[in-house]
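A structural walkthrough
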Amino acid sequence: MGQSVTVSFGHLHHSDLVKVLSRFSIGLMMLLLLWNWILQHTSAAFPDTRIFMIMIESFSHGVSGASGYGAGCGYGPSNHTGNFAGVIDALPYIASTHATTIWLSPIFDSGYTPATCRLDATGYYAQDYFNVDPRFGTFDEINQIIDTAHDLGMTVLFDLVLGHHKTGLKPSPSGNLPTKPINFREQTTIDFFNEVITYWMQNTNVDGFRFDQIYQVPTDIVPIFINTIRSLCRRKNSDECFTVGEVLCSEDIVEQNGLGHCTGVSKINQLQINQQKYFENSNRTSGIPTVFDFTMMFQLRDILFGNEWGNLPNATKLGLQLKWNRAYGFGKLVLPLNNHDFLRPGNVMWRYNTVDRFVKPKDYWKRYQLAFSFLTAYPGNFILLLLMLGPIQWTYNDEVGATTANFADKVEIDCASVGLCDDHSGRINAKLSNFNTDELELKQHVTKLMKFRSSRACLVAGQSDFEIVHSDEFVLIIERFGISGCRLLYAMNISDTLQTRSITINKRNFWSWATKVYLDLQPFESRFVDLNWFGIHSSLI
């Protein structure tokens, strides 16, 4: 026969009270240790990362700096005179968008020759990993970029290419060189790139790296480089350096002689599989802490801008992708809106006739606003104990809705020779002032959203969870909630008509109750609604 036991602290003996308090203390200590382990194993540094991507050669020319590459070099419509001085001059503008992190395209010396200068200007085929490109500027200027960014409250990522380089590669200061062709199963290759990482982390205050085409490195080799970065971070008394890998391969990844290659038929579901394959596992023996969430990016761009992958506009697909992201594992997902490898969102809209620029020109700007609002609400992926990690990223001048002339039609044959490949559309001269009314309104809206994201604990990575409250063809509604007690409702209407929804918000704790919410969403409108402990509080953005 069971016994019913009632415990009252008022009737406990002193020894019993000591036991209770001792067990409570031990339990609390175990929880704190578990929480610390989770933070260490989920790369929870950089908890609210908002990345601003810069293509140096096309971005901006600072008159006090190097010449840049100039006409006839580089790809895309810019004048290709971007330099480090131009980045330095633009830092206050970048900070004004409330970006937290700057991703610089490769800074290393490409070994300029007139015959190869179009590719040299991109930086993605380095010839000397231990010197900056003199056409961009000087070593001192790179340090000035990093130090000034830090003074403005931002961090800086270098773009590091491991899997390919220009012919005639210069050896490291200690004489190391990778194998020819590159084979990451060979120690000489590992030693060379470890020395590259060590050199730049010891000689600058760079905060981390974006790894170009990380799928070229076998998954079990990647942690060797990540651990080098981590050890150097700790020597600088930093908890973690931010590292993110590009797994932009929608085909089967096959390792051939120690180097990963994309093979087979391109499929978006294979891209998703590859992203997960490169996620860091729990014991850090495989993968990278963070990868770009290109599958979500394509879903978002298809729905709001045009059918690059042939998906029909349907808000339910965003909800399904968010749910799928829950199962990713121990890494972070970074949601990009765009980068230097893709057609500008504005160009996607023109190409696929998503927006009638003559009948409804305002829809162009509304869709951009809606995309940035989704980035603001983006929860990333579930780790443990309400850890939702969701950094975001955009490319310079996305915040003012930039579009590029002459990219209305896709050039299928020899696009590089005429400079009209889709990835060339993003490589424009940066516009940093003298905005028209629409551009200024979008920038102000983006700034407001980014500031809002940083002010709400349940939108900051590492502190929150989410639930899909409602999704249908036109409307997606998400609740974000966190350990701090913060609760937010995010609703978006992807259609060009008014959408009205009545939904019930479930209680989250014993002092709250279910709440009925009525939403009238204008065409391409999004809304954040603040939910207090007891129910609806107020509509925010």
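It should be emphasised that the depicted structure is a prediction, and the values quoted were computed from it without experimental measurement.

**Concerning helix α14 (residues 437-455)**
- Between its first and last C-alpha, α14 extends 27 Å over 19 residues, near the 27 Å set by a 1.5 Å rise per residue.
- When α14 is considered as a whole, its buried residues turn out to be Glu 439, Leu 442, Lys 443, His 445, Val 446, Thr 447, Leu 449, Met 450, Phe 452 and Arg 453.

**Digging into the packing of aromatic side chains**
- A complete count under the given rule lists 32 aromatic pairs for this structure.
- Here the aromatic rings of Phe 372 and Trp 394 are separated by 5.7 Å at their centres, their planes lie at 80 degrees, and the arrangement is edge-to-face. You can see Phe 372 sitting in helix α12 (residues 362-377) and its partner Trp 394 sitting in strand β14 (residues 392-395), a full 22 residues away along the chain. Exposure class is identical for Phe 372 and Trp 394. Each is buried.
- The side chain of Arg 135 reaches across the aromatic face of Tyr 69, ending 5.6 Å from its centre.
- Between the NZ or CZ atom of Arg 135 and the centre of the ring of Tyr 112, over which it lies, the distance is 3.5 Å.

**Some thoughts on the packing of helix α3 (residues 84-96) against helix α5 (residues 139-151)**
- Their axes nearest at 9 Å, the elements α3 and α5 cross at an angle of 15 degrees. By the angle between their axes, α3 is roughly parallel relative to α5. The handedness of the crossing between α3 and α5 is left-handed. Residue-level inspection shows Phe 84, Ala 85, Val 87, Ile 88 and Leu 91 of α3 in contact with α5, the latter providing Glu 141, Ile 142, Gln 144, Ile 145, Thr 148 and Ala 149.
- Each residue belonging to the contact of α3 with α5 can be placed in one class, and the counts come to eight nonpolar, two polar and one charged.

**What about the nonpolar core?**
- Residues Ile 94, Leu 104, Ile 107, Tyr 129, Phe 158 and Phe 374 are the most contacted members of the largest nonpolar core, which totals 136 residues.
- For this core, the element with the most residues is α12, which contributes nine residues.
- Among the nonpolar cores identified, the runner-up in size contains 11 residues, and Ile 503, Ile 505, Leu 521 and Leu 531 belong to it.

**With respect to the pattern of salt bridges**
- This model, assessed by the stated rule, comprises 18 salt bridges.
- Of the charged contacts, one joins Arg 210 and Asp 212 as a salt bridge, the two residues approaching to 2.9 Å between their closest N and O atoms.
- Close ionic contact of Arg 487 with Glu 479 constitutes a salt bridge, the shortest N to O distance being 2.8 Å.
- Through salt bridges with shared partners, one network takes in Asp 159, Arg 210, Asp 212 and Glu 246.

**Overview of the packing of helix α6 (residues 187-203) against helix α7 (residues 222-235)**
- Interhelical geometry of α6 versus α7 gives an angle of 25 degrees and a closest axis separation of 10 Å. In terms of orientation, α6 and α7 fall into the roughly parallel class. Where α6 crosses over α7, the handedness of that crossing is right-handed. Where α6 abuts α7, its residues Ile 190, Phe 193, Asn 194, Ile 197, Thr 198, Met 201 and Gln 202 lie against Ile 224, Phe 225, Thr 228, Ile 229, Leu 232, Cys 233 and Arg 235.
- The residue inventory of the contact of α6 with α7, partitioned by class, reads nine nonpolar, four polar and one charged.

**Focus on the environment of Thr 179**
- Take Thr 179: it is sitting in the loop between β5 (155-161) and α6.
- In sequence terms Thr 179 and Phe 192 are 13 residues apart; their C-alpha atoms lie 9.5 Å from each other.
- Once residues lying within four places of it in the same chain are set aside, the contact partners of Thr 179 are Glu 186, Thr 188 and Thr 189.
- Polar side-chain contacts of Thr 179 include one of 2.7 Å to the backbone nitrogen of Asn 183.

Rules used throughout
- Residues numbered from 1 in each chain as written.
- Predicted model: local features only at pLDDT ≥ 70, side-chain atom pairs only at ≥ 80, totals over all residues.
- Heavy atoms only, no water.
- Helix = DSSP H or I, 4+ residues; strand = E, 2+ residues; numbered from the N terminus.
- Expected span 1.5 Å × (residues − 1).
- Buried < 20%, exposed > 50% of the residue type's maximum accessible area, 1.4 Å probe, protein only.
- Phe/Tyr/Trp six-rings, centres within 6.5 Å; stacked < 30°, edge-to-face > 60°.
- Lys NZ or Arg CZ within 6 Å of the ring centre and 35° of its normal.
- Axes fitted to C-alpha atoms, helices over the stretch in contact; angles between N-to-C directions.
- Parallel < 35°, antiparallel > 145°, perpendicular 65-115°, else oblique.
- Left-handed = near helix turned anticlockwise from the far one by under 90°.
- Contact = heavy atoms within 4.5 Å.
- Nonpolar A, V, L, I, M, F, W, Y, C, P; charged D, E, K, R; others polar.
- Core = buried A, V, L, I, M, F, W, Y, C linked by side-chain atoms within 4.5 Å.
- Salt bridge = Lys/Arg side-chain N within 4 Å of Asp/Glu carboxyl O.
- Polar contact = N/O pair within 3.5 Å; in protein donor to acceptor, adjacent residues only side chain to side chain.

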